[in-house]
Amino acid sequence: KQEVTQIPAALSVPEGENLVLNCSFTDSAIYNLQWFRQDPGKGLTSLLLIQSSQREQTSGRLNASLDKSSGRSTLYIAASQPGDSATYLCAVNSNSGYALNFGKGTSLLVTP
Amino acid sequence: EAGVVQSPRYKIIEKKQPVAFWCNPISGHNTLYWYLQNLGQGPELLIRYENEEAVDDSQLPKDRFSAERLKGVDSTLKIQPAELGDSAVYLCASSLGAGPSYEQYFGPGTRLTVT
């Protein structure tokens with residue numbers, strides 16, 4: 001069974017800092033990996049989706065990388081802002097699966 | 001285009017009472033998912049529908065949970081009777097088709113509190 005781990009569980013940084021969130025998975029036979037954002041009391045907003053053949057994806061201040069062979073992905077947030085405060089979830093879609101396998105998330109707080 | 005719609009957004013009930021959640025997927029999306037998200041955890045799949053057929057309900061606790069997707073559009077998830085441990089967020093998602101090549105889109109969720 002695919003296990004997805006996210007480190008750290010929580011992170012607090014001052015505004016303007018660059019930061020990295022980590023995601024690891026146990027089975028490298030993945031189809032794609034997705035990073036989501038979840039605000040309190042809200043659903044999931046897709047941030048970036050990386051196909052297994054890709055190494056990275058970028059959207060604005062966000063950059064996600066994927067190293068499938070080592071079972072790792074990182075989400076890099078540049079010049080963090082208080083509005084980035086949320087929980088960030090990593091989810092893996094396996095080659096033979098239909099459901100996303102999620103990590104527990106990293107709770108991010110960016111202080112002014 | 002409207003996203004995935006869920007109602008109610010919040011529900012508070014006493015244990016042993018029944019409760020139902022409703023989901024309207026994105027128009028044209030044949031595949032519908034119900035996920036359960038416990039506090040501090042990532043979502044986990046409860047059931048997946050392709051059109052009106054439940055093709056994966058292996059994680060659905062069938063003693064108290066039931067679901068239906070009449071006419072292959074809207075879906076209802078029911079719990080009867082509810083237990084304290086059912087307090088969680090219930091997320092609905094939909095995708096154009098089945099399989100990992102189809103991106104899933106999530107609704108806002110229903111937060112259930114059982115007292």
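Counting of residues starts from 1 at the beginning of each chain's written sequence and follows it residue by residue. Each chain gets a letter, beginning with A, and each ligand a number, beginning with 1, in the order they are written. Under the rules for a predicted model, residues below a pLDDT of 70 receive no local features and side-chain atom pairs below 80 are neither given nor counted, while totals for whole chains, interfaces and linings still include all residues. Water and hydrogen atoms play no part in the side-chain values, which are based on all heavy atoms of the structure.

J.: Honestly, empty space enclosed by the protein in this entry has me stumped. Any pointers?
T.: Unfilled space is identified by rolling a water-sized probe across the atoms. Lining residues are defined by having an atom within 4 Å of a point belonging to a cavity or pocket. Those points lie on a 1 Å grid over the protein atoms alone, cavities being sets where a 1.4 Å probe fits but cannot get out and pockets being open sets with protein on both sides within 12 Å along at least five of seven lines. Grid points are joined across faces, edges and corners, and a volume is the space filled by probe spheres set on the points. Taken as a whole and assessed by the stated rule, the structure comprises one cavity of 30 Å³ or more. In this structure, the largest cavity occupies an estimated 40 Å³ of space. Together, A:Gly41, B:Arg9, B:Tyr10, B:Val89, B:Pro108, B:Gly109, B:Thr110 and B:Arg111 line the largest cavity.

J.: Help me understand the sheet that holds strand 7 (residues 65-68) of chain B, please; the structure alone is not making it clear to me.
T.: Backbone-to-backbone hydrogen bonds pair the strands of a sheet. The strands run either parallel or antiparallel. All names here are of chain B. Strands qualify as paired when DSSP identifies two bridges or more between them. Going along the chain from the N terminus, every DSSP run of H or I of four or more residues is numbered as a helix, and every run of E of two or more is numbered as a strand. Read from one edge to the other, the open sheet built from four strands follows the order 1-3-8-7, with strand pairing classed as antiparallel. The sheet is open, and its two edges are formed by strand 1 (5-7) and strand 7, each paired on a single side. Strand-to-strand twist in this sheet, taken as the mean axis angle between neighbours without regard to direction, amounts to 15 degrees. Pairing geometry for strand 3 (residues 19-24) and strand 8 (residues 75-79), over five bridges, is antiparallel. Across the sheet, Phe21 pairs through a bridge with Leu77, a residue of strand 8. In this analysis, axes come from line fits to C-alpha atoms, helices being fitted only over the stretch in contact, and the angle between any two N-to-C directions falls in the range 0 to 180 degrees.

J.: Quick question: what am I supposed to make of the interface of chain A and chain B here?
T.: Reports of interface size often rely on the accessible area that becomes lost once the parts have come together. Taken together, the 22 residues of chain A in the interface contact 23 residues of chain B. Computed with a 1.4 Å rolling probe, the buried area is the accessible surface lost when two parts are put together, summed over both parts. For the pair chain A and chain B, the summed buried area comes to about 1600 Å², and 55% of that belongs to carbon and sulfur atoms. Salt bridge, as applied in this entry: a Lys or Arg side-chain nitrogen positioned within 4 Å of an Asp or Glu carboxyl oxygen. There are zero salt bridges connecting chain A and chain B. Under this definition, polar contacts are N or O atom pairs within 3.5 Å; protein pairs additionally need one hydrogen-donor-capable and one acceptor-capable atom, and for neighbouring residues in sequence, both atoms have to be side-chain atoms. Our count for the contact surface shared by chain A and chain B stands at eight residue pairs in polar contact (both at pLDDT 80 or more). Secondary structure elements with two or more residues in the side of chain A that touches chain B: strand 4 (30-38), strand 5 (44-51) and strand 9 (86-94) of chain A. Contacts between residues were defined by any pair of non-hydrogen atoms, one from each residue, lying within 4.5 Å.

J.: How should I be thinking about the state of the cysteines in this particular structure?
T.: Sulfur atoms of two cysteines make up a disulfide when they are within 2.5 Å. One pass over the structure, following the stated rule, counts two disulfides over all chains. The disulfide partner of A:Cys23 is A:Cys90, and the gap between their sulfur atoms is 2.0 Å. Because the torsion about its S-S bond is -60 degrees, the bridge between A:Cys23 and A:Cys90 counts as left-handed. Of this pair, A:Cys23 sits in strand 3 (residues 19-25) while A:Cys90 sits in strand 9, placing them 67 residues apart in sequence. A:Cys90 shares its class with A:Cys23; the two are buried. Covalently, B:Cys23 is tied to B:Cys92 through a disulfide, its sulfur atoms 1.9 Å apart. Handedness here is read from the sign of the S-S torsion; for B:Cys23 and B:Cys92, about -70 degrees, the answer is left-handed. Think of it in three bands: residues with accessible area under 20% of the maximum for their type are buried, residues over 50% are exposed, and the middle band is partly exposed, with areas taken using a 1.4 Å probe on protein chains only.

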